[in-house]
Amino acid sequence: MRPIRLGLAAALLLIAGGPAAAWEAPPAKPPSKPQRIVSLNLCADELLLRLVGPERLAAVTWLARDPRASTVAEPAARVPFNHGTAEEILPLDPDLIVAGRYTTRVAVGLLTRLGAPLLELDVPQSVAEVADQIRGLARAVGEPDRGEALVADLLSRLDALPPAPPGPRPTAVVLRPNGFVAGSGSLVDELLSRAGFENMADRLPLGSQGALPLEAIVLGGADALIVDAAPDAPPSLAGALLHHPALKALGRTVRTVSLPTRLWTCPGPQIAEAAERLAAAREAAP
Amino acid sequence: MSRVSRIPYPALVAGLTLLALALCAVSAAVGYVPFDLGAALSDWLAGRPTLTALVLAELRLPRALLGLLVGFSLGLTGAAMQGWLRNPLAEPGLVGVSSAAALGAVIVFYSGLSAALSLALPLGGMAGAAAAAVLLNLMAARGAGTTALVIGGIAINSLAGSLTALALNLAPNPYAALEIVFWLMGSLADRGTDQLWLVLPPMLAGWALCLSGARALDALTLGEDAARSLGFDLTGLRVRLIAGAALAVGSAVSVTGAVGFVGLVAPHLMRPLAGARPGRLLLLAGLAGACLTLAADIAVRLLPTRPELKLGVVTALIGAPFLIVLIARLRREEA
Amino acid sequence: MRIETHALSAKAGGRTILTDVNLAIEPGAFTGLIGPNGAGKTTLLRLLAGLAEPAAGRVTFDGRSAAQVGRRALARAIAYLPQSGPVHWPLRAEALVLLGRLPHRGALGGITAADRAAVERALSTADAAHLRGRIVGTLSGGERMRVLLARALATEAPVLLADEPVAALDPGHQLACMTLLRDTARRGSSVVAVLHDLTLAARFCDRLILLSGDGVPADGPPGRVLTDAHLRAAYGIAVHRGAAGGEPFLLPWHALPSPTCQPETP
């Protein structure tokens, strides 16, 4: 019955050009162990492919297959993919749809009105929030034990990071495409601090908000520059900024750490590796 | 007007050169983060790797010098195209040469060709610019009327603009689609020494080609037959000007995007000072274009907008009223 | 310089307008090129200037082809004044006249004293010296033609080819312009002008070349060319003749309903 109702409602919605109150369905309750899960968000892909077997995933995003952006490219290749449009999702007859809070808003809006079984993921700003998110999603897919195991592994790896030596910590600035930096109160800020760095983004001459001109980043005078590295990514001006000659010249006097994009784009267990690499870079300092 | 036009030509050239160099220095001094420029300069000259020396040498100076080069290229090419087509609306931006250059550069850049060979980037820009100039030549072979020129420009501009949008949407990098504003409006933000050295040689060659047409452009004041009767090879002139525009504008656009209106405003401002002589106008318009571009680039950094305005926004704010006045005047003259 | 045409044919818009034209333009004479609209006067003038390629036959300059003479040398030898003389930029008259010196200037050479002197001579010959500081666009039709003539004269070429120099002038300026062209020829140049006014042509020219449709029905002194028979055949008109001060004149009087009348083709 369900697929017919969902499909019919969608068709009427498209014909009518907008939802009439009578057609709005109450939100469907997902089963306790959903078997046809669809993900609309790369970060959801990262967690779902770790929590459940590929046979329970009806589709993940096309981004999950890209090894530059994803740490789960290999299992993702065994699952159908979507581009985050409602049209692709409905025929899959999902019993759980996982979306990001800030992505694919059009599809999510449509699916909400149709009463699809939807779970939206927030963007965690701390390790504690990451752990909560993993546990929450694990419960939603009926795999609380696997969730606990992932969290335990993440926390133990973070706890095992080498402690920073006493005294002032080296300062660091994280530079992302288009000249964005990671400010205080962000997850990256916490990773920096766990790795023994002091994030100096907020003390940059122009602050840490928005796209910054390179001179503000250079003149900040951080001990280390942590660059979001995607050496084999297709070209963009946003990425080209990270290869600016000024940064190459800066690299002669300050430490430059390249951190692969896939390790810290999403707040999943992979952030442990990001923190480990940061700590190793700090340790290797002269 | 009659008084200003009596300023001797060498004095005009010298004055504008000094102004352009002064604006270059101001451009290098104006930035987002103030620092001791004198100390930075002496550190840089002494080879001391301080952060301020690095910012001066790798960010401020390349930006100022590129502003100078790009502005000169646009002003000079504008004057050359106007002399060639004998129409004050002929300008790389309006007639679509700049947007076609942007298309060429976009295809080369986002396909990854320029990552393999950096020279491919200006070459892509040149190919686009040359294609538009050849197309323009076909449309306006016998002295372009304003209507033909403007309509041809609209056609080339919209075609190149939509193909640029298409190329950016097809580009595999998710950031690409957001970068169309840079290519259509232009910016000197965070340009580097690598780009400076990349475009300097083709620009100089383009300038030489355009300037070599000075006498023939003077003769063209009297129409094509009279110019040929005065001993000028107009086919050769056409080839030189198309090549010169392609080299100068193509390489400029490939590193800064399409900055509009400089090629329109600079020759227009300088024409009375040049006594309307198309040959003399070339160098003056180039220098005025450099001054305009540098001033606009200083303005985008002084305005309190963040992230900074695209350079083309400022030049369009200055240039569009010029264009409206010019079109009104041309319509009166052609009526 | 002696310009000759040998079995010259030309086409315009796919139509043959000159066939087997054999002419010689000699120094020291003022030649008028007359004929109905579309007879090929402008085409012939452009061929004489080396600006167009003939469909058949050839044009020689002192016995050599234009390519043999060379573009620059030809430009120093032949001054060409196009029809309606466009001026595309608001130049000052003096700067415009200076353009006539371009064939004499080296690739990088500046303006020499000789150039200045030639410009002065041309300005005074054309009675345009007082206009030197004016912007060309602000001149009246007569003043403008004087400046354009001065531009052509400034080249000091042995040959001056002018396409309809008096077409847009009032009678006073027409007479002044014709006098100037005749005087230029008297000083030893060849002057060839395309003319529509038959009275002026008859009075001032040493020689008239009548073009009509496909050939040259008459070529020689005005008295021998402007006969009733030639005018009827070429223009389809009858003229009224008279004499004033010992000089003959003629006035086109009425059009003849003749099949030889050429349609108007600009």
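Residues numbered from 1 in each chain as written. Chains lettered and ligands numbered in written order. Predicted model: local features only at pLDDT ≥ 70, side-chain atom pairs only at ≥ 80, totals over all residues. Heavy atoms only, no water.

**Topic: the overall build of chain B**
- Looking only at helices and strands, chain B features 15 helices and 0 strands.
- The C-alpha radius of gyration computed for chain B amounts to 20 Å, which stays within 12% of the reference 20 Å derived for 335 residues, consistent with globular compactness.
- Across its three principal axes, chain B shows a C-alpha extent of roughly 60 × 50 × 35 Å.
- Looking at chain B residue by residue over its 335 residues, the buried ones come to 60%. (Helix = DSSP H or I, 4+ residues; strand = E, 2+ residues; numbered from the N terminus. Rg over C-alpha atoms; globule rule 2.2 N^0.38 Å. Buried < 20%, exposed > 50% of the residue type's maximum accessible area, 1.4 Å probe, protein only.)

**Quick word on helix α12 (residues 234-256) of chain B**
- With 23 residues, α12 of chain B extends 32 Å from end C-alpha to end C-alpha; this agrees with the ideal 33 Å at 1.5 Å per step.
- A positive phi of about 75 degrees marks G257 of chain B, the residue just after α12 of chain B. (Expected span 1.5 Å × (residues − 1).)

**As for the packing of aromatic side chains**
All names here are of chain B.
- According to the stated counting rule, one finds 5 aromatic pairs over all chains in the structure shown.
- A ring pair is formed by Y110 and W183, whose centres lie 6.5 Å apart and whose planes are at 70 degrees; its orientation type is edge-to-face. On the criterion of sequence distance, the pair formed by Y110 in helix α4 (residues 97-110) and W183 in helix α8 (residues 180-185) is long-range, its members being 73 residues apart.
- On the basis of relative accessible area, Y110 is assigned to the buried category, the value being 5%. (Phe/Tyr/Trp six-rings, centres within 6.5 Å; stacked < 30°, edge-to-face > 60°.)

**Digging into the sheet that holds strand β6 (residues 159-163) of chain C**
Residue and element names in this part refer to chain C.
- Spatially, the 6 strands line up as an open sheet ordered β5-β6-β7-β3-β8-β9, and their pairing is mixed. The open sheet has two edge strands, β5 (78-81) and β9 (215-220), and neither has a second partner. This sheet shows a mean twist of 15 degrees between the axes of neighbouring strands, independent of strand direction.
- Looking at chain direction, β5 and β6 are connected through 4 bridges and run parallel. What sits directly across from I78, in β6, is V159.
- Contacts between helix α1 (residues 41-48) and the sheet are confined to β3 (30-34), β5, β6, β7 (190-194) and β8 (207-212), with β6 contributing the most and set at about 155 degrees to the helix. (Pairing = 2+ DSSP bridges. Axes fitted to C-alpha atoms, helices over the stretch in contact; angles between N-to-C directions. Contact = heavy atoms within 4.5 Å.)

**Points about the packing of helix α2 (residues 42-51) of chain A against helix α6 (residues 127-140) of chain A**
Residues and elements named next belong to chain A.
- Relative orientation of the contacting elements α2 and α6 amounts to 55 degrees, with a least axis distance of 11 Å. For the element pair α2 / α6, the angle class is oblique. Regarding α2 and α6, the two cross each other, and that crossing is right-handed. On the side of α2, the interface is formed by L47, L48 and L51, while α6 contributes Q133, I134, L137 and A138. (Parallel < 35°, antiparallel > 145°, perpendicular 65-115°, else oblique. Left-handed = near helix turned anticlockwise from the far one by under 90°.)

**Looking at the sheet that holds strand β1 (residues 37-39) of chain A**
Residue and element names in this part refer to chain A.
- If you trace the 5 strands from one edge of the open sheet to the other, you get β3-β2-β1-β4-β5, paired in parallel fashion. Each edge of the sheet is formed by a strand with only one pairing partner; in this case those strands are β3 (81-82) and β5 (118-121).
- Both β1 and strand β4 (residues 96-100) contribute to a ladder of 3 bridges, which runs parallel. Residue pairing across strands places S39 opposite V98, the latter belonging to β4.
- Most of the contacts of α2 go to strand β2 (residues 57-61), to which it runs at about 140 degrees, and overall it touches β1, β2, β4 and β5.
- Each of β4 and β5 touches α6; the most contacted strand, β5, lies at about 170 degrees to it.

**Re the interface of chain A and chain B**
- Contacts between the two partners involve 28 residues from chain A, matched on the other side by 27 residues from chain B.
- Counting the surface lost from both chain A and chain B, the interface buries some 2,400 Å², and carbon and sulfur atoms represent 71% of this.
- Counting the surface chain A buries against chain B, the share from its top three residues, E215, P235 and L237 of chain A, is 28%.
- Put simply, chain A and chain B have 1 salt bridge between them.
- Taken together, chain A and chain B are joined by 10 residue pairs in polar contact (both at pLDDT 80 or more). (Buried area = accessible area lost by both parts, 1.4 Å probe. Salt bridge = Lys/Arg side-chain N within 4 Å of Asp/Glu carboxyl O. Polar contact = N/O pair within 3.5 Å; in protein donor to acceptor, adjacent residues only side chain to side chain.)

**Regarding the nonpolar core**
- By size, the foremost hydrophobic cluster in this structure holds 160 residues, and its most contacted members are Y110 and W183 of chain B together with F30, I34 and L96 of chain C.
- Looking at this core element by element, the count peaks at 13 residues for helix α3 (residues 51-85) of chain B.
- If we ignore the near neighbours within four places in the chain, the residues touching L96 of chain C are L222 of chain B together with V87, L91, V136, V147, L148 and R151 of chain C.
- Counting 53 residues, the second-largest nonpolar core is a separate cluster that includes A44, L121, L187 and I271 of chain A. (Core = buried A, V, L, I, M, F, W, Y, C linked by side-chain atoms within 4.5 Å.)

**Some details on the interface of chain B and chain C**
- The partner chain C presents 31 residues to the 28 residues of chain B that form the contact.
- A buried area of about 2,400 Å², summed over both sides, lies between chain B and chain C, and 61% of it is on carbon and sulfur atoms.
- Sorting the residues of chain B by area buried against chain C places R215, L222 and L230 of chain B first, and these three jointly supply 28% of that buried surface.
- Among the salt bridges present, the one from R46 of chain C reaches D225 of chain B, with a minimum N-O distance of 2.6 Å.

**Points about the side chain of K41 of chain C**
Residues and elements named next belong to chain C.
- Take K41: it is sitting in helix α1.
- In this structure K41 is buried but unpaired, with E164 as the nearest side chain of opposite charge at 5.4 Å.
- Discounting residues that sit within four places of it in the chain, K41 has contacts with L33, I34, G35, P36, V194, H196 and L211. (Lys, Arg positive; Asp, Glu negative; His and termini not counted.)

**Re unusual backbone geometry**
- Positive phi is not limited to glycine here, since R86 of chain B has a value of about 50 degrees.
- Of note, R86 of chain B is situated in the loop between α3 and α4.
- Although it is not a glycine, E164 of chain C sits at a positive phi angle of roughly 50 degrees.
- Following the sequence through the fold, E164 of chain C ends up in the loop between β6 and α7 (171-186).

**A look at the pattern of salt bridges**
All names here are of chain A.
- The full count for this structure, using the stated rule, is 35 salt bridges over all chains.
- When the shortest N-O distance is used, the salt bridge between E143 and K33 registers 3.4 Å. Taken together, the residues span a long stretch of sequence, with E143 in the loop between α6 and α7 (144-159) and K33 in the loop between α1 (2-16) and β1 at a distance of 110 residues.
- Here D93 and R36 are joined by a salt bridge, their closest N and O atoms 3.5 Å apart. Note that D93 is positioned in the loop between α4 (86-89) and β4 and R36 in the loop between α1 and β1, a separation of 57 residues in sequence.
- A relative accessible area of 18% places D93 in the buried class.
- Counted as one network, the salt bridges with shared partners bring together R101, R105, E120 and D122.

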